[in-house]
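Single-letter residue listing:
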Amino acid sequence: MSILVIGSIGFDDIKTPFGKVKNVLGGSATYFAISASFFTDVNLVSVVGNDFNKKHFDIFKKFKINLDGLKQEKLKKTFHWSGEYTHNLNQANTIQTRLNVLEGFKPVIPHTYKNIKCIFLANIDPELQYEVILQIKSPKIIAIDTMNYWIERKRKQLLKVFKKSNIILINETEAKQLSKEINLVKAAKKIMSFGPKIVVIKRGEYGVIAFNNNEIFTAPAYPLKNVFDPTGAGDSFAGGFMGYLTKCNILNNANLRKAIIFGNVMGSFCVENFSLDRFKNLSWKDIVNRFIEFKKLTHFENIND
Ligand code: AMP
């Protein structure tokens, strides 16, 4: 089984309390694809501009990501985002979003992608997410992520995508904004009424709370001593989560729980360095070891043991 992802590829300017970087490779599809590539074959759909060069393509190639669905527009610039984190590392403040090449983009799904069963609609214009769903023959799992930028500007189009999705991954603030509820349990119920029956709410350094109909699962984030740059944590979480689900092929509660832990593992690696740097020398052994640490971290005995 392999996975298809549509999302943004961009250059980011990021400022955190620990430093700043300019024009580093980022974008929702980038973080997702690289993280998921540790688990399964990844097929990308996105668009880049004339400022995207060999050095950038090579990063995707290093992780064996299929780029048949990646278009390059010679007359426009790549998507650009600048954001800042102050003391609350869970909340990125967007300083500027330049859609550039994403504006007017019409995704065309290559023939080789049409029978893919697992789809991840990473954070991007919901109209593009919808166009991708329409072009896939018989998807089995459709998961979606989004953010305040699209909730505020394209709510109606977003709700159309939700109707077709079975999983939503969303951060806490955006879950509240989308559902117009303050309580997370109520927020999840409301979001389920929009379509997806599995709602995974990402809470940054406080971990994850996931709802699968009436089942609830919570997991902490990995207690890191140094969080360097939170950018991409959500997409890297999604990569581990969806990558594992794609690999195991059965969407039951046991697999969902393990997928969430793999998501937490990948999110925790992402934030240990700027941009995608931490993934460059990450091994499967590192991933497994951190998974085992999670098991220890959350294990406790029965009441009478
Ligand atoms: P995350 O920190 O996982 O939520 O995602 C960070 C990535 O999202 C950054 O690398 C940005 O390039 C990308 N991003 C920011 N704003 C948008 C947007 N409006 N649409 C698509 N991608 C975005």
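Owing to the predicted nature of the structure, the values given are computational and were not obtained by experimental measurement.

Comments concerning the layout of surface pockets
1) Next: The space that makes up the second largest pocket amounts to roughly 300 Å³.
2) Next: Contributing to the lining of the second largest pocket are 14 residues, with Phe-217, Arg-257, Ile-261, Lys-295 and Thr-298 lying nearest its centre.
3) Next: Residue assignment for the lining of the second largest pocket shows that the elements contributing at least two residues are strand E13 (215-219), helix H9 (253-270) and helix H10 (284-298).
4) Next: Along the lines of polarity and charge, the residues of the lining of the second largest pocket split into eight nonpolar, three polar and three charged.

With respect to the packing of helix H1 (residues 28-36) against helix H8 (residues 233-248)
1) Next: Contact pair H1 / H8: the axes reach a minimum separation of 7 Å and the direction vectors enclose 40 degrees. Judged by the inter-axis angle, H1 sits oblique to H8. The element H1 and its partner H8 pack so that their crossing is right-handed. For the pair H1 and H8, the contacting residues are Ser-28, Tyr-31, Phe-32, Ser-35 and Ala-36 in the first and Asp-235, Ser-236, Ala-238, Gly-239, Gly-240, Met-242 and Gly-243 in the second.
2) Next: Residue composition of the contact of H1 with H8, grouped by class: five nonpolar, six polar and one charged.

Focus: the packing of helix H3 (residues 126-135) against helix H5 (residues 155-164)
For any two helices packed against each other, the geometry comes down to the angle between their axes and how far apart the axes lie.
1) Next: It is at 8 Å that the axes of H3 and H5 come closest, and there the two elements cross at 30 degrees. The two elements H3 and H5 cross, and the hand of that crossing is left-handed. Along the contact surface, H3 presents Pro-126, Glu-127, Gln-129, Tyr-130 and Ile-133, while H5 presents Gln-157, Leu-158, Lys-160, Val-161 and Lys-164.

Examining the nonpolar core
1) Next: In terms of nonpolar packing, the biggest core is built from 59 residues, with Leu-44, Phe-120, Phe-241, Met-242 and Phe-279 touching the most fellow members.
2) Next: A total of nine residues in this core trace back to one element, the largest contributor, which is H9.
3) Next: Among all residues touching Leu-44, those that are not within four sequence positions of it are Val-5, Ile-9, Ala-29, Ala-33, Phe-60, Ile-65, Asn-66, Leu-67, Gly-69, Leu-70 and Tyr-113.
4) Next: Leu-89, Ile-124, Ile-142 and Leu-158 belong to the second largest nonpolar core, which has 47 residues in total.

Considerations on the environment of Leu-224
1) Next: Mapping Leu-224 onto the fold places it in the loop between E13 and H8.
2) Next: By relative accessible area, which is 21% here, Leu-224 ends up partly exposed.
3) Next: Excluding its chain neighbours within four sequence positions, the residues that come into contact with Leu-224 are Ser-268, Val-271, Glu-272 and Arg-290.

Focus on the environment of Gly-239
1) Next: One can find Gly-239 in helix H8.
2) Next: Here Gly-239 falls in the buried class, since its relative accessible area comes to 0%.
3) Next: When the C-alpha atoms of Gly-239 and Trp-81 are compared, they prove to be 20 Å apart, with 158 residues separating the residues in sequence.
4) Next: Sequence-distant contacts of Gly-239, defined by excluding residues within four places in its chain, comprise Phe-32, Ser-35, Ala-36 and Phe-39.

Quick look at the packing of aromatic side chains
1) Next: For the coordinates displayed, the defined rule picks out 17 aromatic pairs.
2) Next: Relative to Phe-279, the ring of Phe-38 lies with its centre 6.2 Å away and its plane at 45 degrees, an arrangement referred to as tilted. Taken together, the residues Phe-38 in the loop between H1 and strand E4 (41-48) and Phe-279 in the loop between H9 and H10 connect sequence positions 241 residues apart.
3) Next: Phe-38 gets classed as buried once you look at its relative accessible area, which sits at 19%.
4) Next: The rings of Phe-39, Tyr-244, Phe-262, Trp-284 and Phe-291 are connected pair by pair, giving a single aromatic cluster.
5) Next: Of note, Arg-153 hangs over the ring of Tyr-149, and the distance from its end group to the ring centre comes to 3.7 Å.

Structural notes on the site of the ligand
1) Next: Close to the ligand lie 17 residues; Ser-8, Asp-12, Gly-27, Gly-232 and Asp-235 are nearest.
2) Next: A distance of 3.2 Å separates a nitrogen atom of the ligand from a polar side-chain atom of Trp-150.
3) Next: Within the complex, 88% of the 520 Å² of free accessible area of the ligand lies under protein.
4) Next: Here the shell around the ligand takes three residues from H8, the largest share from any one element.
5) Next: Per-class residue counts for the shell around the ligand are eight nonpolar, seven polar and two charged.

Focus on the pattern of salt bridges
1) Next: Applying the stated criterion to the full structure yields 15 salt bridges.
2) Next: Between Glu-84 and Lys-15 there is a salt bridge, with its nearest N and O atoms 3.8 Å apart. Note that Glu-84 is positioned in strand E6 (residues 79-84) and Lys-15 in strand E2 (residues 10-16), a separation of 69 residues in sequence.
3) Next: Judged by its relative accessible area of 40%, Lys-15 falls in the partly exposed class.
4) Next: Where Asp-277 meets Lys-280, a salt bridge forms, and the shortest distance between an N and an O atom there is 3.1 Å.
5) Next: By relative accessible area, Asp-277 is classed as partly exposed at 33%.
6) Next: Overall, the relative accessible area of 42% leaves Lys-280 in the partly exposed class.
7) Next: Each of Asp-125, Glu-127 and Lys-154 takes part in salt bridges that share partners, so that together they form one network.

Cut-offs and rules
- One numbering rule holds for all chains: residues counted from 1, following each sequence as written.
- Totals for whole chains, interfaces and linings use all residues, but because this is a predicted model, local features are given only for residues with pLDDT of at least 70 and pairs of side-chain atoms are given and counted only at 80 or more.
- With hydrogens and water excluded, all non-hydrogen atoms of the structure serve as input to the side-chain values.
- A cavity here means a set of 1 Å grid points, computed over protein atoms only, where a 1.4 Å probe fits but cannot escape. A pocket is an open set with protein on both sides within 12 Å along at least 5 of 7 lines, and lining residues have an atom within 4 Å of a point.
- Grid points are joined across faces, edges and corners, and a volume is the space filled by probe spheres set on the points.
- Labels follow the DSSP assignment, with helices taken as runs of H or I lasting at least four residues and strands as runs of E lasting at least two, numbered in each case from the N terminus.
- For this scheme, ten residues count as nonpolar: Ala, Val, Leu, Ile, Met, Phe, Trp, Tyr, Cys and Pro. Four count as charged, namely Asp, Glu, Lys and Arg, and the remainder, Gly too, count as polar.
- To define axes, lines are fitted to C-alpha atoms, for helices over the stretch in contact only, and angles between the resulting N-to-C directions are given on a 0 to 180 degree scale.
- Any angle from 65 to 115 degrees is called roughly perpendicular, while one under 35 is roughly parallel, one over 145 is roughly antiparallel, and all others are oblique.
- Left-handed describes a crossing in which the near helix is turned anticlockwise from the far one by less than a right angle; the clockwise case is right-handed.
- The contact criterion used throughout is that any non-hydrogen atoms of two residues lie within 4.5 Å.
- Buried Ala, Val, Leu, Ile, Met, Phe, Trp, Tyr and Cys residues that are joined via side-chain atoms within 4.5 Å together make up what is termed a nonpolar core.
- The rule is simple: take the accessible area with a 1.4 Å probe, protein chains only, and divide by the maximum for that residue type; under 20% is buried, over 50% is exposed, in between is partly exposed.
- For Phe, Tyr and Trp, rings pair up if their centres lie within 6.5 Å, where Trp contributes its six-membered ring, and each pair is then called stacked (planes under 30 degrees apart), edge-to-face (over 60) or tilted (otherwise).
- Charges are assigned to positions over rings by a cutoff of 6 Å between ring centre and Lys NZ or Arg CZ, combined with an angular limit of 35 degrees from the ring normal.
- The nearness test applies per residue and asks whether one of its heavy atoms lies within 4 Å of the molecule or strand.
- Think of a polar contact as two N or O atoms within 3.5 Å of one another; within protein, one of them needs to be a possible hydrogen donor and the other a possible acceptor, and neighboring residues in sequence only count if both atoms come from side chains.
- The accessible surface values rely on the Shrake-Rupley method and a 1.4 Å probe; as for residues, cover is taken only from the protein chains in view.
- Throughout this description, the term salt bridge denotes a Lys or Arg side-chain nitrogen within 4 Å of a carboxyl oxygen of Asp or Glu.

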